[in-house]
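Coordinate analysis (summary)
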Amino acid sequence: IYYNVTDGNVGIGNTGPAFKLDVTGNERVSGQLDVSFGGASLIIGANSGLTVRTDGTGKIARIGSPNYSTSEESSMILQFESTSTQNIISLGGGDSSMNAADSIRLYTANSYNTVTGTERMRIDSSGNVGLGTATAASRLDVNGNTRTVDLNASGTIYANTIAPTTQLKIIGDLNVTLDLNIGN
């Protein structure tokens, strides 16, 4: 441990600390970590593949969790990458250094003080998206009422059935409030 009496900076693993606490090497924090400055609560990341930040280079930040099996890489929760042309947020994967999620689930609640919440959307390992269902049977599977302003579809359209005998089969009422052109 190095203490600079001139500016009060402390170095752990280095003798030239540039900050009040400057640690070189692996760190571990047990308990709470509260970092705040100028309205930002936490800034994570560095140049891609490095541990420093310099101007004009890509930056990357990852939040992960240890895998169930300790012999596996950690699992990706969130990644942010900034390059000279784009800023990318990836959920559940997108980087070869961490395992990807096999499903992503979105929960909401009717009140701020509800624990657990209700699953509203799921993207499964095959890429199917379920809204109101945990078992999506197609690319987009909606269980509940939907509103579509402009629908352009090709192939078979399913309405209230999963096995129509024609290209469009509707069981129940059909209310159309826009022009409907049916042709070959």
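A brief structural summary. (Residues numbered from 1 in each chain as written. Predicted model: local features only at pLDDT ≥ 70, side-chain atom pairs only at ≥ 80, totals over all residues. Heavy atoms only, no water.)

1. Examining the overall build of the chain
Summing up its helical and strand segments, the chain has zero helices and 13 strands in all. Along the chain, from the amino end to the carboxyl end, the secondary structure elements read β-β-β-β-β-β-β-β-β-β-β-β-β. Taken over 184 residues, the chain has a buried fraction of 14%. In the chain, the proportion of contacts linking residues at least 24 apart, taken out of those at least 6 apart, comes to 7%. Looking at the chain as shown, the accessible area adds up to about 15100 Å², and 51% of this sits on carbon and sulfur atoms. (Helix = DSSP H or I, 4+ residues; strand = E, 2+ residues; numbered from the N terminus. Buried < 20%, exposed > 50% of the residue type's maximum accessible area, 1.4 Å probe, protein only. Contact = heavy atoms within 4.5 Å. Areas by Shrake-Rupley, 256 points an atom, 1.4 Å probe, with all protein chains shown as cover.)

2. Observations concerning the pattern of salt bridges
In total, this model carries one salt bridge according to the counting rule given. Arg122 is paired through a salt bridge with Glu119; the nearest N and O atoms lie 2.8 Å apart. With a relative accessible area of 16%, Arg122 lands in the buried category. (Salt bridge = Lys/Arg side-chain N within 4 Å of Asp/Glu carboxyl O.)

3. A look at empty space enclosed by the protein
The full count for this structure, using the stated rule, is one cavity of 30 Å³ or more. Taken as a whole, the largest cavity spans an internal volume of roughly 30 Å³. Around the largest cavity, the lining residues are Arg122, Asp124, Asn128, Val129, Gly130, Thr133, Ala134, Thr135 and Ala136. Looking at the lining of the largest cavity, its residues break down into three nonpolar, four polar and two charged. (1 Å grid on protein atoms, 1.4 Å probe; cavity = no way out; pocket = protein on both sides within 12 Å on 5 of 7 lines; lining within 4 Å. Points joined across faces, edges and corners; volume = space filled by probe spheres on them. Nonpolar A, V, L, I, M, F, W, Y, C, P; charged D, E, K, R; others polar.)

4. With respect to the environment of Ser71
You can see Ser71 is positioned in the loop between β5 (59-65) and β6 (75-82). For Ser71, a relative accessible area of 63% translates into the label exposed.

5. Considering the environment of Tyr3
Inspection of the secondary structure puts Tyr3 in strand β1 (residues 2-3). Discounting chain neighbours no more than four positions away, the residues touching Tyr3 are Gly8, Asn9 and Val10.

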